[in-house]
Amino acid sequence: MGTLTVRTDEAVETALRALTGDHRTRSEAARYAILRTYGELQLEQAGEDAERLRNDPDDQAEMLAIQRFMGVAE
């Protein structure tokens, strides 16, 4: 595992105090914040991908072909 050094400012210190309030260490709070942010970015990307595919005629045709193959579409 790697080590990360972060310079904090007052806003980050305030956030760390809030995140360590439920008995997390500063390292645990930083890991939590990074993983939570990464998860939010993944959800955002999934939404963008879904929107792009929703408007893609080739993808729509393939989905219809799959549905027909499965017998759930005419």
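All values derive from a computational prediction rather than experimental measurement.

*Asks:* Explain the overall build of the protein chain to me, please; I cannot follow it from the model alone.
*Replies:* When its secondary structure is counted, the protein chain shows 3 helices and 0 strands. Secondary structure elements of the protein chain occur, N-terminal to C-terminal, as α-α-α. With respect to the principal axes defined by its C-alpha atoms, the protein chain has extents near 60 × 25 × 20 Å. The buried share of the protein chain, reckoned over its 74 residues, is 4%. Carbon and sulfur atoms make up 57% of the accessible area of the protein chain, which amounts to about 6700 Å² in all.

*Asks:* I keep staring at the packing of aromatic side chains and nothing clicks. Help me out?
*Replies:* The description of two aromatic rings rests on the distance between their centres and on the angle between their planes. Overall, the coordinates contain 0 aromatic pairs when judged by the stated rule. Its end group placed over the ring of Tyr32, Arg24 keeps NZ or CZ at 4.1 Å from the ring centre.

*Asks:* Looking at this model, I keep getting lost on the environment of Pro57. Mind explaining?
*Replies:* Structurally, Pro57 can be placed in helix H3 (residues 57-70). The class for Pro57 is exposed, based on a relative accessible area of 58%.

*Asks:* Would you mind going over the packing of helix H1 (residues 10-19) against helix H2 (residues 26-54) with me for this structure?
*Replies:* Helix-helix packing: each pair is described by the crossing angle between the helix axes and the interaxial distance. Where H1 contacts H2, the axes come no closer than 9 Å and their chain directions differ by 100°. For the element pair H1 / H2, the angle class is roughly perpendicular. From H1, Glu13, Leu16 and Leu19 reach across to H2, where they touch Arg26, Ala29, Tyr32 and Ala33. Along the lines of polarity and charge, the residues of the contact of H1 with H2 split into 5 nonpolar, no polar and 2 charged.

*Asks:* How do you make sense of the confidence of the model for the protein chain when you look at a structure like this?
*Replies:* Interpretation of this model should avoid reading the predicted coordinates in detail wherever pLDDT is low. The pLDDT averaged across the protein chain works out to 94; a share of 100% of its residues lies at or above 70. Within the protein chain, the lowest mean pLDDT, 94, falls on H3, and the highest, 96, falls on H2.

*Asks:* Teacher, can you tell me more about the side chain of Glu13 here?
*Replies:* By the secondary structure assignment, Glu13 is in helix H1. Excluding anything up to four places from it in sequence, Glu13 contacts Thr8 and Arg26.

Reading the values: rules and limits
Residues numbered from 1 in each chain as written. Predicted model: local features only at pLDDT ≥ 70, side-chain atom pairs only at ≥ 80, totals over all residues. Heavy atoms only, no water. Helix = DSSP H or I, 4+ residues; strand = E, 2+ residues; numbered from the N terminus. Buried < 20%, exposed > 50% of the residue type's maximum accessible area, 1.4 Å probe, protein only. Areas by Shrake-Rupley, 256 points an atom, 1.4 Å probe, with all protein chains shown as cover. Phe/Tyr/Trp six-rings, centres within 6.5 Å; stacked < 30°, edge-to-face > 60°. Lys NZ or Arg CZ within 6 Å of the ring centre and 35° of its normal. Axes fitted to C-alpha atoms, helices over the stretch in contact; angles between N-to-C directions. Parallel < 35°, antiparallel > 145°, perpendicular 65-115°, else oblique. Contact = heavy atoms within 4.5 Å. Nonpolar A, V, L, I, M, F, W, Y, C, P; charged D, E, K, R; others polar. pLDDT = per-residue confidence, 0-100.

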